[in-house]
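Summary of the model geometry
Here's the letter readout for the chains.
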Amino acid sequence: MQFFFFIFFLSLNVFAENDFSFKTELGVDYRIFPEKSTRYPNDQNSQFSGYLKPELELFPSDSKFEYKFSGLLRNDSSDDARDYFEIKELFVQYVDDNFDLTIGSIQNFWGVTESAHIVDIINQKDFREDLDGEEKLGQPSIRYRRYFDMDLFSFYIMPYFRERSSSTFNKRFSSALPVNSSSLFPGSASKNHIDFSTRFQKNLGNNDIGLIFFRGNSRDPIVTIENFNIVNTYKIINVLGLDYQYTSEDLLIKLETTNTNGFGKSYNSTVFGFEKLLPSIFSRIEVNTLLEFQFDDRNISEAPATSLDDDIFFGFRFNLNDVNDTQFLIGSNIDTNDTSSFSILEGSRRFLDSYKLSLTYRGFNNYNNDQPFYFLKNDDYINLNISKFF
């Protein structure tokens, strides 16, 4: 990590004459937990936090270099694990006509499906922010991207691994036992293991195809219990994956599939489905229906636990197409084996030019004792967010 800071600040001498963009988001979150915690009855049924998200981009004149910093500073009223400053991005990027080279901490996203992103393997998930895995930790990387008209080849070298973050023990969303601060890295795995990944993205008219390969530390740990503590174990894995999307005027067909080996017997994971634009309710309101199927044949005695093995996701996306950019998503992920489900509602609306109001709901329904995430069954929550953009 120190190496990337050195590279970033070594280049500051070009900032004397530059164009730049600076923006900031300042916000507050208020979480309400409708149910009393069965494990920690003294824990509060509400949670308040504030955050600051600064972002700076520099474009030096007469230079092919670009620089970016983005971060997140959060303070929480009850969970010490949510009092932190995270560098999301801090990199220098060289941009040429048909390629770019980036060195530093980056955010990367791969995937097309709504309910899960199984090919999105570069960054570690940040569960301090939300349980959907959309928020990520910055990943120190060297990234090379080569552009071919509508196609793209990417290559990543990742010299430092970041472990998964979690809530403070005895707080909401925390596991039933405390997590040992010392994780295990068997064999050649280590925090300093040099991971690498490649992706080739091809466009064929209405069809977009991505092929990926990854070798390195698993982002998902195997969880074991030792001396009444949870121990996370990260192994070296190989992942071969594909993402595909067909796009027409009113229909998206989506697919993500991976084969993973390194956890005993290799296993396959797949998310497949579609998003269909329905006939307009009124002149401008768009309503899309989403349906996705999830399959996973891993052996959970050897591999990290997952709740997305034989599930169906069904939902609706609403876009009012108004000047306030009002939109929301409602859906549920249903396990076909035991009818347990994970329900979501996400909505947002801008107001007063530079403000935004967001509402989020997460619900854990019919979770039973033999499920890996049973400890979340009483942690349904509603999150109200108000943010100001500068």
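Higher on the page you've got the structure.
Residues take numbers from 1 onward in each chain, read along the sequence in its written order. Given that the model is predicted, a residue must reach a pLDDT of at least 70 before its local features are reported, and side-chain atom pairs must reach 80 or more before they are shown or counted; all residues, however, enter totals for whole chains, interfaces and linings. Processing note: side-chain calculations cover all non-hydrogen atoms of the structure and skip hydrogens and water entirely.

Let us look at the overall build of the chain. Each helix and strand in the chain was counted, giving 1 helix and 20 strands. Taken over C-alpha atoms, the radius of gyration comes to 22 Å for the chain, in line with the 21 Å a tight globule of 390 residues would show. Considering only C-alpha atoms, the chain reaches an extent of 60 × 60 × 45 Å along its principal axes. Each residue gets one of three labels from its accessible area relative to the maximum for its type: buried under 20%, exposed over 50%, partly exposed in between, using a 1.4 Å probe on protein chains only. Out of the 390 residues belonging to the chain, those deemed buried represent 43%. Residue pairs at least 24 apart in sequence account for 56% of intrachain contacts in the chain once pairs closer than 6 positions are excluded. Accessible area for the chain stands at about 19,500 Å²; split by element, carbon and sulfur atoms hold 58% of it. Side-chain charges of the chain comprise 38 positive and 56 negative groups, with the mean position of each set lying 2 Å from the other. Numbering of helices and strands starts at the N terminus; helices are DSSP runs of H or I of at least 4 residues and strands are runs of E of at least 2. Here the globule rule is a power law, 2.2 Å times the number of residues to the power 0.38, and the radius of gyration is based on C-alpha atoms. In this analysis, two residues are considered to be in contact whenever any of their non-hydrogen atoms come within 4.5 Å of each other. Residue burial considers only the protein chains on display, and all accessible areas are found by Shrake-Rupley using a 1.4 Å probe. Charged residues are defined narrowly, with Lys and Arg counted positive, Asp and Glu counted negative, and His plus the chain ends left uncounted. To locate a charge, take NZ of a lysine, CZ of an arginine, CG of an aspartate or CD of a glutamate.

Turning our eyes to something else, we now look at the environment of Leu 320. Take Leu 320: it is sitting in the loop between β16 (310–319) and β17 (327–335). When near neighbours in sequence (up to four residues on either side) are disregarded, Leu 320 contacts Arg 284, Ile 285 and Thr 326.

Time to look at unusual backbone geometry. The phi torsion of most residues other than glycine is negative, and most of the peptide bonds are trans. Even without a glycine there, the phi angle at Asn 227 is positive, about 50 degrees. Secondary-structure assignment places Asn 227 in the loop between β10 (222–226) and β11 (229–233). Positive phi values are uncommon outside glycine, yet Leu 352 reaches one of about 50 degrees. Its location among the elements puts Leu 352 in the loop between β18 (341–351) and β19 (355–365).

One broad rule of soluble globular proteins: the nonpolar side chains tend to lie buried together. Among buried residues, those of type Ala, Val, Leu, Ile, Met, Phe, Trp, Tyr and Cys that are joined through side-chain atoms within 4.5 Å constitute a nonpolar core. Counting 16 residues, the largest nonpolar core has Trp 110, Tyr 156, Phe 214 and Phe 263 as its most contacted members. Among the elements of the structure, β7 (151–158), β9 (207–217) and β12 (236–247) are those that each provide at least two residues to this core. Not counting the four nearest positions on each side in its chain, Phe 214 is found in contact with Ile 121, Met 158, Asp 195, Phe 196, Ser 197, Arg 219, Ile 237, Asn 238 and Val 239. Ranked by size, the runner-up nonpolar core spans 6 residues in total, among them Phe 33, Phe 173, Tyr 367 and Tyr 381.

We define a salt bridge as a contact between a side-chain nitrogen of Lys or Arg and a carboxyl oxygen of Asp or Glu at a distance within 4 Å. For the structure on display, the rule yields 27 salt bridges. With its nearest N and O atoms 2.9 Å apart, the salt bridge here joins Arg 128 to Asp 126. Both residues of the pair, Arg 128 and Asp 126, belong to the buried class. With a shortest N-O distance of 3.1 Å, Asp 132 and Arg 362 are connected by a salt bridge. Separated by 230 residues along the polypeptide, Asp 132 in the loop between β5 (99–106) and β6 (139–148) and Arg 362 in strand β19 bring together distant segments of the chain. Exposure remark for Asp 132: the relative accessible area of 28% places this residue in the partly exposed category.

Centres within 6.5 Å are what make two rings of Phe, Tyr or Trp a pair, Trp counting through its six-membered ring; a difference in plane orientation under 30 degrees is then read as stacked, over 60 as edge-to-face, and the rest as tilted. Under the criterion given, the structure shown has 17 aromatic pairs. For the pair Phe 99 and Tyr 144, a centre-to-centre distance of 5.8 Å together with 35 degrees between the ring planes defines the contact as tilted. Taken together, the residues Phe 99 in strand β5 and Tyr 144 in strand β6 connect sequence positions 45 residues apart. According to the relative accessible area criterion, Phe 99 is partly exposed, its value standing at 21%. The class for Tyr 144 is partly exposed, based on a relative accessible area of 30%. Note on Phe 351 and Tyr 355: the rings are 5.5 Å apart at their centroids and 25 degrees apart in plane angle, and the pair reads as stacked. Taken together through their ring pairs, the aromatic side chains of Phe 65, Tyr 94, Phe 99 and Tyr 144 make up a single cluster. In this scheme, the term charge over a ring applies when either NZ of a lysine or CZ of an arginine sits within 6 Å of the ring centre and within 35 degrees of the ring normal. In this structure, Arg 31 is placed above the aromatic ring of Tyr 381, and the distance from its NZ or CZ to the ring centre is 4.7 Å. For Arg 350, the ring lying beneath its charged end belongs to Phe 389, and the centroid distance is 5.0 Å.

Moving on: a nonpolar patch on the surface. Only residues above 30% relative accessible area that lack a salt bridge enter a patch, with like-charged residues linked at up to 9 Å and the nonpolar side chains Val, Leu, Ile, Met, Phe, Trp and Tyr linked at up to 5 Å. Taken together, the side chains of Val 28, Tyr 30, Ile 32, Phe 48, Leu 357, Leu 359, Ile 382, Leu 384 and Ile 386 define a hydrophobic patch exposed on the protein surface, amounting to about 700 Å² of accessible area. In this structure, Ile 386 sits in strand β20 (residues 381–389).

A word on the side chain of Gln 245. Locating Gln 245 in the fold gives a position in strand β12. Judged by relative accessible area, Gln 245 falls into the buried class, the value being 16%. In protein, a polar contact means a hydrogen-donor-capable atom and an acceptor-capable atom, both N or O and within 3.5 Å, with residues adjacent in sequence counting only if both atoms are side-chain atoms; elsewhere, any N or O pair within 3.5 Å suffices. Side-chain polar atoms of Gln 245 contact the side chain of Thr 247, separated by 3.3 Å. Beyond its immediate stretch of four places on either side in the chain, Gln 245 contacts Val 112, Asn 206, Asn 207, Asp 208, Leu 252, Ile 253 and Lys 254.

What follows is about the pairing of strand β2 (residues 46–60). Two strands are counted as paired when DSSP detects at least two bridges linking them. Summarising the sheet, β2 and strand β3 (residues 65–76) pair through 8 bridges and their orientation is antiparallel. Within β3, the position partnered with Glu 55 by the bridge is Ser 70. The hairpin formed by β2 and β3 contains 4 residues between the paired strands, and Asp 62 there has a positive phi angle of roughly 55 degrees.

A separate point is the environment of Lys 171. Tracing the backbone through its elements, the reader meets Lys 171 in the loop between β7 and β8 (195–204). For Lys 171, a relative accessible area of 24% corresponds to the partly exposed category. Separated by 61 residues in the primary sequence, Lys 171 and Asn 232 have C-alpha atoms spaced 19 Å apart.

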